[in-house]
Amino acid sequence: MAIIIKTEKEIEALREGGKRLGTILQKVAQKVAPGVSTMELNDYAEKLIREGGDEPAFLNYKPYGASSPYPASLCVSVNNEIVHGIPKKNHILKEGDVVSIDLGLKHKGTFTDHALTVPVGKISKSAEKLLSVCQEALAAGIFEARAGNRIGDISFAIESVIKPHKYGIVRELAGHGVGREIHEDPYVPNFGKKGTGAVLQKGMVIAIEPMINEGGKDVVLASDDWTFKTKDGTKSAHFEHTILITDGEPEILTQS
Ligand code: MF3
Ligand code: CO
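As the structure is a prediction and not an experimental result, all values here were calculated from the model.

Each value, and the rule that gives it
All residue numbers refer to positions counted from 1 along the written sequence of the respective chain. For naming, the first written chain is A and the first written ligand is 1, with later ones following in the order written. Given that this is a predicted model, residues contribute local features only at a pLDDT of at least 70 and side-chain atom pairs are listed and counted only at 80 or more, while totals for whole chains, interfaces and linings are drawn from all residues. Computation of side-chain values: all heavy atoms of the structure, hydrogens and water removed. Strands here are runs of E lasting at least two residues and helices are runs of H or I lasting at least four, both read from the DSSP assignment and numbered beginning at the N terminus. Throughout, a residue-residue contact means that at least one pair of heavy atoms, one from each residue, lies within 4.5 Å. In the analysis that follows, any N or O atom pair within 3.5 Å is treated as a polar contact, provided that within protein one partner can donate a hydrogen and the other can accept it, and provided that, for residues neighboring in sequence, both atoms belong to side chains. We call a residue near a molecule or strand as soon as one heavy atom of that residue lies within 4 Å of the molecule or strand. Charged means Asp, Glu, Lys or Arg here, nonpolar means Ala, Val, Leu, Ile, Met, Phe, Trp, Tyr, Cys or Pro, and polar covers whatever is left, Gly included. A simple rule labels every residue: compare its accessible area, found with a 1.4 Å probe on the protein chains alone, to the largest value its type can have, and call it buried under 20%, exposed over 50%, or partly exposed in between. Here a strand pair is declared whenever DSSP counts at least two bridges between the two strands. Here a pair means two rings of Phe, Tyr or Trp (six-membered ring of Trp) with centres within 6.5 Å. Their orientation is stacked below 30 degrees between planes, edge-to-face above 60, and tilted elsewhere. Here the term donor refers to an N, O or S atom within 2.8 Å of the metal (or 3.2 Å for Na, K and Ca), and because water is left out of the atoms, sites may appear incomplete. In this description, a line fitted to the C-alpha atoms serves as the axis of each element, helices being fitted only across the stretch in contact, and the angle between N-to-C directions of two axes falls anywhere from 0 to 180 degrees. Working definition: roughly parallel below 35 degrees, roughly antiparallel above 145 degrees, roughly perpendicular at 65 to 115 degrees, and oblique for all remaining angles. Crossing handedness follows the turn of the near helix against the far one: under a right angle anticlockwise gives a left-handed crossing, and clockwise gives a right-handed one.

*Asks:* Before we go on, may I ask you to explain the environment of Glu-159 in this structure?
*Replies:* Assignment of secondary structure puts Glu-159 in helix 4 (residues 151-162). For the pair Glu-159 and Phe-191, spaced 32 residues apart in sequence, the C-alpha to C-alpha distance is 4.8 Å. Discounting chain neighbours no more than four positions away, the residues touching Glu-159 are Ile-169, Asn-190, Phe-191 and Gly-192. Engagement of the side chain of Glu-159 in a polar contact is seen with the backbone nitrogen of Gly-192, the distance being 3.0 Å.

*Asks:* I keep staring at the site of ligand 1 and nothing clicks. Help me out?
*Replies:* Surrounding ligand 1, one finds Phe-58, Tyr-61, Tyr-70, Cys-75, His-84, Asp-102, Asp-113, His-176, His-183, Glu-209, Trp-226 and Glu-240. The contact in question runs from an oxygen atom of ligand 1 to an N or O atom on the side chain of His-176, over 2.9 Å. Within the contact set of ligand 1, an oxygen atom lies 2.8 Å away from a side-chain nitrogen or oxygen of His-183. Looking at the shell around ligand 1, its residues break down into five nonpolar, three polar and four charged.

*Asks:* What exactly am I supposed to notice about the environment of Asn-79 here?
*Replies:* One can find Asn-79 in the loop between strand 2 (74-78) and strand 3 (81-83). Put simply, Asn-79 and Gln-135 are 56 residues apart on the chain and 16 Å apart in space, counted from C-alpha to C-alpha.

*Asks:* Sorry if this is basic, but what is going on with the pairing of strand 4 (residues 98-107) here?
*Replies:* Remember that side chains alternate between the two faces of the sheet whenever the strand is regular. For strand 4, a buried count of nine out of 10 residues is recorded, marking the element as mostly surrounded by other parts of the structure. Taken together, the two bridges between strand 1 (residues 55-56) and strand 4 define a ladder with antiparallel strand orientation. Within strand 4, the residue paired with Pro-56 across the bridge is Leu-105. In this sheet, strand 5 (residues 110-119) lies alongside strand 4 in antiparallel orientation, the contact comprising 10 bridges. Note that in strand 5 the partner of Ile-101 across the bridge is Leu-116. What sits between strand 4 and strand 5 in their antiparallel hairpin is a turn of two residues, with Lys-108 showing a positive phi close to 45°.

*Asks:* Honestly, the packing of aromatic side chains in this entry has me stumped. Any pointers?
*Replies:* The description of an aromatic ring pair rests on the distance of the ring centres and on the angle between the ring planes. Summed over the entire model, instances satisfying the criterion amount to one aromatic pair. Between Tyr-70 and Trp-226, the ring centres sit 5.1 Å apart and the planes meet at 85°, which makes this aromatic pair edge-to-face. Taken as a pair, Tyr-70 in the loop between strand 1 and strand 2 and Trp-226 in the loop between strand 11 (219-221) and strand 12 (228-230) lie far apart in primary sequence, 156 residues in all. A relative accessible area of 2% places Tyr-70 in the buried class. On the accessibility criterion, Trp-226 (8% relative accessible area) is buried.

*Asks:* Can you walk me through the coordination of the cobalt ion (ligand 2) in this structure?
*Replies:* Think of it this way: four donors in a tetrahedron around the metal ideally sit 109.5 degrees apart, and six in an octahedron ideally sit 90 or 180 degrees apart. Here the cobalt ion (ligand 2) is held by Asp-113 (OD), His-176 (NE2), Glu-209 (OE) and Glu-240 (OE), and the distances to it run 2.1 to 2.2 Å. Counting gaps between the donor residues of the cobalt ion (ligand 2) yields the pattern D-x62-H-x32-E-x30-E. Taken together, the residues span a long stretch of sequence, with Asp-113 in strand 5 and Glu-209 in the loop between strand 9 (205-208) and strand 10 (211-213) at a distance of 96 residues. Here Asp-113 matches Glu-209 in class, with each residue buried.

*Asks:* How should I be thinking about the packing of helix 3 (residues 125-143) against helix 4 in this particular structure?
*Replies:* Relative placement of two packed helices is described by the angle separating their axes and the distance separating the axes. Contact geometry of helix 3 with helix 4 gives a least axis separation of 8 Å together with a crossing angle of 155°. One element, helix 3, and the other, helix 4, form an angle in the roughly antiparallel class. Between helix 3 and helix 4 lies a crossing whose hand is right-handed. Across from Val-133, Glu-136, Ala-137, Ala-140 and Gly-141 in helix 3, the residues of helix 4 making contact are Ile-154, Ala-157, Ile-158, Val-161 and Ile-162. When its residues are assigned to classes, the contact of helix 3 with helix 4 shows eight nonpolar, one polar and one charged.

Structural data, given as structure tokens:
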């Protein structure tokens, strides 16, 4: 499938939706604390989205090949869970955990996608490092998201930040085009070669989302058929923004 160039009207809706999503995810992040359940975070996120007149994009979403629709609005992935963790009433966050919160929002028919990994209370120095490197990798990827550059330039920039730290880069999952659907072309891997892949053009919208593990790169899919976990049980981090390709600087849509 070809990469969609968004219309001016779609871009206006994506800007507004992205801004709302950025604001909401910040609010959800502020709720993260020891003693809070992952389901409370989900319910709060969903409430904020609906109050704005928008829809949670992940609820009942069934990607091609998935065996069941995703059953919640927010993906909540704790410690060794990488992404797509399903929120639960009896999963209570505790001091020292790291929690990835990943949320999609549908505004006026357009989709934006955004994730953060946040500390629960005080976390170890090594976990702090994991989070900051992942954030730095996302920033490096975003910097390359410009008209005329290629997808591989983004992938290479992300990998270059992570490599010296010897963290495992998740291979099975990647960034993606976004806007008319939650997942569109192109596929945006978190490792790769400069100067390869599709050429970026003004009006394309992509989600960039590095996922890195403290240990090895290998993942396992849990028996719920959704939650990706690290194979070796080490902690994982995940940050994601939805980006508009412009004639000039990359425009981060998912921030307040
Ligand atoms: N941000 C997630 C991704 O790009 C979207 C998850 S959709 C869900 O993979 F259905 F799994 F929640
Ligand atoms: Co995504």
